[in-house]
Amino acid sequence: MREGGRPVWGGYLPGGGSAGCRGSRAAPCRRASPGRAASGASGGRATRAPTRETRRAWPARARSTSSPGTSPRPARAAARAPAAASSTNSELTPETFMPFIICSVDQLSEDTYQYTFELPENSRLGLSLGQHVVLRGLVNGLEVQRAYTPISPVNAEGYFEVLIKCYGAGLMSQYIKSWKEGDVVFWRGPFGGFPYVANKYGELFLLASGTGLAPMLPILKYITDNEDDETFVTLVGCFRTFENIYLKSRLQEQSQFWNIRTFYVLSQEHSLENLPWSFREKTHIGRINEDLIKSMMKTCRRQPFVLICGSVTFSEDMEKYLKAIGLGEESYFIF
Ligand SMILES: Cc1cc2nc3c(=O)[nH]c(=O)nc-3n(C[C@H](O)[C@H](O)[C@H](O)COP(=O)(O)OP(=O)(O)OC[C@H]3O[C@@H](n4cnc5c(N)ncnc54)[C@H](O)[C@@H]3O)c2cc1C
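What comes next is a walk through the structure. (Residues numbered from 1 in each chain as written. Predicted model: local features only at pLDDT ≥ 70, side-chain atom pairs only at ≥ 80, totals over all residues. Heavy atoms only, no water.)

Here we look at the packing of aromatic side chains
Threshold: Between 30 and 60 degrees the pair is tilted, below 30 it is stacked and above 60 it is edge-to-face, where a pair is any two Phe, Tyr or Trp rings, Trp via its six-membered ring, whose centres lie within 6.5 Å. Helix and strand definitions follow DSSP, with helices as H or I runs of at least four residues and strands as E runs of at least two, each counted in order from the N terminus. Think of it in three bands: residues with accessible area under 20% of the maximum for their type are buried, residues over 50% are exposed, and the middle band is partly exposed, with areas taken using a 1.4 Å probe on protein chains only. A ring is scored as having a charge over it whenever the NZ atom of a lysine or the CZ atom of an arginine sits within 6 Å of its centre and within 35 degrees of its normal.
Evaluated as defined, the whole model comprises 21 aromatic pairs. With centroids separated by 5.3 Å and ring planes inclined at 40 degrees, the aromatic side chains of Tyr264 and Phe279 adopt a geometry described as tilted. One end of the pair, Tyr264, is in strand 9 (residues 260-266); the other, Phe279, is in helix 7 (residues 277-280), with 15 residues separating them in the sequence. The same class applies to Tyr264 as to Phe279, namely buried. Lying over the aromatic face of Phe97, Arg136 brings its terminal NZ or CZ to 5.6 Å of the ring centre.

Put into C-alpha cells, the structure is as follows:
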C-alpha cells in the first residue's frame, strides 16, 4: 500500500499479501561494469529487420531518427547484438521483490530520467501491454512502494527501461534520484495491463500526459512490429514545453509508419516558431480541451477507442471531455 502522498496515476494499490524480499536467496548480482551496456554484453535487443520498417513506412517521408531538436538515439541501442532465437522470461513475480541491476541512467529533462535495467541471459521481463511493476524503496528507514510502467517493447530481450519523473517532495523520488549505474534495486510484478488484440479496434486514440506516455510506447511498438496489424493510431502527447517532450526520436520514428500519427499539446510554449519545422505542423500551444479533442477525433480515419494515461486530474479531465463529446465508457480505457 502507499505510504503518504496521493495516487498519481489512477489510484494505484499494489497487490496485497506479504511482499518479502528474496534478494538474499537469489544469485548474487554482478556489478555492472561501466560500458557493459554499450558493449552489448547485457544481451540482445529484439529488433525488427531494417527492411521491414522501410516497407511499412509511408513512402513520401524519409526515415529520420534524429530530427533537429530531438535527443539522439542512445549508442547502446545500435550496439546490441541481434536477438536470440528464443528467450525465457525473467524471475519477476507479483509476490516477491527481485533484484535488478541498473545498467544506464539517462537524464531526459530537469526532473525526468530513463533507467535501463539488465536482464540476465537475454531474458524478457515478461510483461504484456500496459502492465506495470512495483518498486520497493527505503527512505529514512520507511519502506515505500510505487508503480512504474516499463517503456521498453514487451519482447525486449536482455533489458527493460523505465521513464521516471522525480518530485522534490516525493518519497520514492528521493530514493530514485540516488540511483547510479551498477546499483541493484528491487521490483515485483507484473500488474494491471490493457488487453490489446491486433485489429480489434479500427483506430486507437492515445491521450498521454507527461510520463503517462510510458504505457503508450510499447503499444505503438507492438503495433508497428506486426505487419498484419492494420490498426490506425493517433497519439496525443501533452507536455509543458518542447524540451519536456520525452523520447522525441522514438516518437518521430514511430510516426513514420503509415498507420501512426502523433500530435503534441504544449501548455507552456508561447509560439510554434520556437519549434523545429518537423514539430510545428503537429503541435498545438495551450491546454488540451474538449474542442481540441473533438477536432482531432474528426480527422480519425475509423471509430476510435481511447486510451488515457497521466495524473489523476488529467485522466478525470479527459474522461469529462470524452463524455461531453458523446463517447460512452465502452469507448475508452484509463490506465
Ligand atoms: C499504475 C501506475 C503506473 C505508474 N507509472 C509511472 C511511470 O512509468 N513513471 C512515473 O514517473 N510515474 C509513474 N507512476 C507514478 C508513481 O507511482 C509515483 O506516484 C510517483 O513516482 C511519485 O512517487 P513519490 O513517492 O516520489 O511521491 P509521493 O511521496 O507519493 O508524493 C509526495 C509529493 O510529491 C509531489 N508529487 C507526487 N506526484 C506528483 C504529481 N504527479 N504532480 C505533482 N506533484 C507530485 C507532491 O507534492 C506530493 O504530495 C505510476 C503510477 C501508477 C499508479
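On we go.
Some remarks on the pattern of salt bridges
The test is simple: Each reported salt bridge corresponds to a side-chain nitrogen of Lys or Arg within 4 Å of a carboxyl oxygen of Asp or Glu.
For the structure shown, the criterion picks out 9 salt bridges. Residue Lys221 pairs with Asp225 through a salt bridge whose shortest N-O separation is 3.0 Å. Placement of both Lys221 and Asp225 in helix 5 (residues 216-225) is noted, with a separation of 4 residues, approximately one turn of the helix. For the pair formed by Lys221 and Asp225, the shared burial category is buried. Connected through salt bridges with shared partners, the residues Glu319, Lys323 and Glu329 form a single ionic network.

Considering the sheet that holds strand 4 (residues 142-148)
This is how it is decided: A pair of strands is labelled paired if DSSP reports no fewer than 2 bridges between them. Angles run from 0 to 180 degrees between N-to-C directions of axes, and those axes are lines fitted to C-alpha atoms, restricted for helices to the stretch in contact.
Spatial strand order, 4-3-6-1-2-5: 6 strands in an open sheet with antiparallel pairing. In this open sheet, the two edge strands, each paired with only one partner strand, are strand 4 and strand 5 (159-165). For this sheet, the mean angle separating the axes of adjacent strands, direction not counted, is 40 degrees. Alignment of strand 3 (residues 131-139) against strand 4, held across 7 bridges, turns out to be antiparallel. From the neighbouring strand, Val139 faces strand 4, where its bridge partner is Leu142.

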